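# Descriptive structure summary
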Amino acid sequence: MSRLLNTSRHRHFLAKVWALTKPYWTTSEERWSAWALLITIISMSLLMVYFTVLLNEWNGKFYNALQELDLEAFWSLIGYFSILASIYIFFAVLQYYLTAWLKIRWRRWLTNVYFDRWLDNKTYYLMELRHDESDNPDQRISEDIDRFTDNTLSLSLGLLRSLVSLASFSVILWHLSTAVTFNLGDTEIAIPGFMLWAALLYAVIGSVITHYVGRRLISLNFTQQRYEANFRFSMARLRENSERIALYGGEETEKHFLRQRFTMVWRNFMSIMNTQKYLVGFTSAYSQAAIIFPILIAAPAYFGGAMQLGGLMRVVNAFGRVQDALSWFVDNYAALAAWRSVVDRLTTMNENMAQLTPPNLREKQHFDTTAHAIDLNNVTLGLPDGRSLINIDHLRLDPGQHTLITAPSGTGKSVLFRTLAGIWPWWEGQIERSEQLMFLPQSPYLPIGTLREALIYPERTTDQTDQALKALLKACRLDALAERLDDYDHWAQQLSPGEQQRLAFARALLKAPEWLFLDEATSALDMDTERALYELLAERLPDTTRVSIAHRDSLGAFHEHTLNLSDFKTPSP
Ligand SMILES: Nc1ncnc2c1ncn2[C@@H]1O[C@H](COP(=O)(O)OP(=O)(O)OP(=O)(O)O)[C@@H](O)[C@H]1O
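Residues numbered from 1 in each chain as written. Predicted model: local features only at pLDDT ≥ 70, side-chain atom pairs only at ≥ 80, totals over all residues.

The two faces of a sheet get side chains in turn, since along a regular strand they alternate between them. The element strand 11 (residues 515-519) is largely enclosed, with a buried count of five among its five residues. Neither face of strand 11 is open: one carries W515, F517 and D519, the other L516 and L518, and all of them are buried. Here four bridges tie strand 8 (residues 437-440) to strand 11, and the two strands are oriented parallel to one another. When the sheet's bridge partners are listed, M438 is paired in strand 11 with L516. (Buried ≥ 20, exposed ≤ 12 C-beta atoms within 10 Å, placed from the backbone. Helix = DSSP H or I, 4+ residues; strand = E, 2+ residues; numbered from the N terminus. Pairing = 2+ DSSP bridges.)

What follows is the structure, given as structure tokens:
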């Protein structure tokens with residue numbers, strides 16, 4: 001059974017929509033102003049429907065005046081129309097403005113909620129680690145939330161307007177239908193509400209055919225959004241890695257990858273076009289036929305003299321309104337299909353974010369950040385695929401016990417650091433550690449911004465004077481940067497790896513943590529600078545305990561203890 005009409009799926013879908021909608025409208029701090037805006041918008045919609053009813057009556061009077069060549073009535077009706085139309089235009093503009101305002105407020109709120117969910121508890125990192133099926137969270141947050149708020153508001157307000165319009169014009173059409181009769185042989189047949197039934201039948205047939213023609217659009221739209229995001233992301237990656245790609249001369253291969261990604265975009269788009277072509281064809285034919293259909297039905301009554309021109313025009317107008325309202329589904333099919341895929345994408349992202357830590361692992365983890373030493377008991381570090389990497393029965397590092405960790409590449413040194421940092425979910429056992437840990441990775445992260453912001457990251461402000469910051473940069477052998485604290489740049493692209501590592505050292509000196517973990521944090525430096533920086537650490541941070549990972553023996557001089565992680569390696573099966 002198809003997706004949109006299947007009732008249990010349908011209900012499930014509405015439950016998803018409700019889950020996404022509910023927080024803003026029931027618990028958010030903006031809910032009262034949002035409701036006030038919504039009620040105003042709804043009132044305006046209803047008023048606008050009322051105006052269309054008045055215009056329908058005007059139609060009758062106006063065409064009768066034309067038929068009767070009544071010039072005085074003609075001019076007074078033109079005046080009346082101008083007033084009605086002016087008020088209608090005013091409400092239409094106001095309604096647009098208030099709806100757009102409500103939409104952007106809702107989007108702003110929801111985007112902030114997603115920022116929190118995505119960035120709290122290292123969720124963004126875990127999603128990347130697990131190659132989560134919520135592809136492209138950036139696109140979901142930027143585009144899908146926009147489409148969700150837009151479609152939810154415009155579709156539901158449109159539906160409401162259609163229902164009210166349907167109710168009002170059904171009554172009018174019912175009354176006007178009394179004049180429409182048939183002659184079957186010698187007997188005259190009058191079916192009560194005949195025009196209404198005709199409009200109903202017309203719309204039902206139209207909706208069923210539309211659904212049949214356009215149902216593939218739902219999954220096609222879903223896929224299109226994913227392909228577009230993948231395509232954009234690959235270009236963003238190219239920009240981020242421009243230098244490395246340029247050095248390899250990888251342009252042709254990159255073009256090939258980009259073309260591959262874009263091929264997916266356009267192929268899927270061709271499928272959408274093909275489906276949409278039939279849909280547009282049908283909906284156009286459907287709306288064109290709707291102009292003639294009521295005239296054909298009411299024509300016998302008009303030519304038979306049972307109805308004046310004004311009556312005929314009112315019937316045609318009312319039929320158009322009823323049929324329009326009933327065609328809400330037909331007219332909005334493409335928007336409904338897009339809405340459905342947006343709701344699915346946001347819901348899967350929510351579900352994936354909520355289930356990020358494997359519950360069976362979490363039960364076996366005990367992580368205590370109240371101690372001052374670092375104490376590991378019965379700890380097993382594993383990989384996402386379930387394999388275990390390292391078994392540590394017992395390991396204790398006391399404050400002041402500077403330690404150098406060595407082991408061949410791939411043993412799990414970085415995994416141990418990630419676990420101690422609390423960002424690696426695949427481990428079991430018991431870990432006690434201080435809360436004041438700082439990690440310097442091999443390649444530090446530098447935000448795009450001023451050099452001062454890059455230096456104090458992740459803090460946003462500092463109580464240090466510019467003089468002190470400059471002195472610090474000089475002490476870290478970054479004299480040339482000392483005068484550029486206010487320069488705004490993409491520092492990760494501008495600074496050499498060695499300069500970036502020196503900047504990270506300056507950060508550590510600012511932060512002065514209890515424990516400092518350095519993961520090959522001096523790999524890009526010459527021996528002399530490496531020694532100078534470690535000496536600076538020892539001199540300026542006497543209370544900070546250093547734990548370093550390094551492949552070079554040169555660091556041995558700055559650590560009293562050496563830990564060979566190979567001793568803990570889990571034997572290969
Ligand atoms: N996100 C991940 N998903 C799957 N496997 C991973 C992931 N991160 C690390 N590994 C695997 O875990 C093992 C240990 O990796 P880790 O980076 O800790 O090694 P290392 O000892 O620090 O090596 P190196 O000295 O080269 O930096 C490697 O085999 C690596 O492939």
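Moving on, we get to the site of the ligand. Lining the immediate environment of the ligand, one finds L129, L383, P384, L389, A407, S409, G410, T411, G412, K413, S414 and V415. Among the elements that take part in the shell around the ligand, helix 14 (residues 413-421) stands out by supplying three residues, more than any other. Residue classes in the shell around the ligand are distributed as six nonpolar, five polar and one charged. (Near = placed C-beta within 6 Å. Nonpolar A, V, L, I, M, F, W, Y, C, P; charged D, E, K, R; others polar.)

We now examine the domain arrangement of the protein. For the protein, the assigned domains are domain 1 (13-354) and domain 2 (358-573). Centre-to-centre, using C-alpha coordinates, domain 1 lies 54 Å away from domain 2. In this assembly, six residues from domain 1 lie in contact with four residues from domain 2. Looking at which element gives the most residues to the side of domain 1 that touches domain 2, the answer is helix 4 (residues 123-129), with three residues. When grouped by side-chain class, the residues that make up the side of domain 1 that touches domain 2 number three nonpolar, no polar and three charged. (Domains from an automatic or database assignment. Contact = placed C-beta atoms within 7 Å.)

This part covers the sheet that holds strand 3 (residues 365-368). The sheet built from four strands is open, its strands ordered 3-7-4-5 with mixed pairing. The sheet is open, and its two edges are formed by strand 3 and strand 5 (388-397), each paired on a single side. Between one strand axis and the next, the sheet turns by 10° as a mean value, whatever way the strands run. Looking at chain direction, strand 3 and strand 7 (residues 427-432) are connected through four bridges and run parallel. What sits directly across from Q365, in strand 7, is G429. In this fold helix 14 packs onto strand 4 (374-382), strand 5 and strand 7, with an angle of close to 120° to the strand it touches most, strand 4. (Axes fitted to C-alpha atoms, helices over the stretch in contact; angles between N-to-C directions.)

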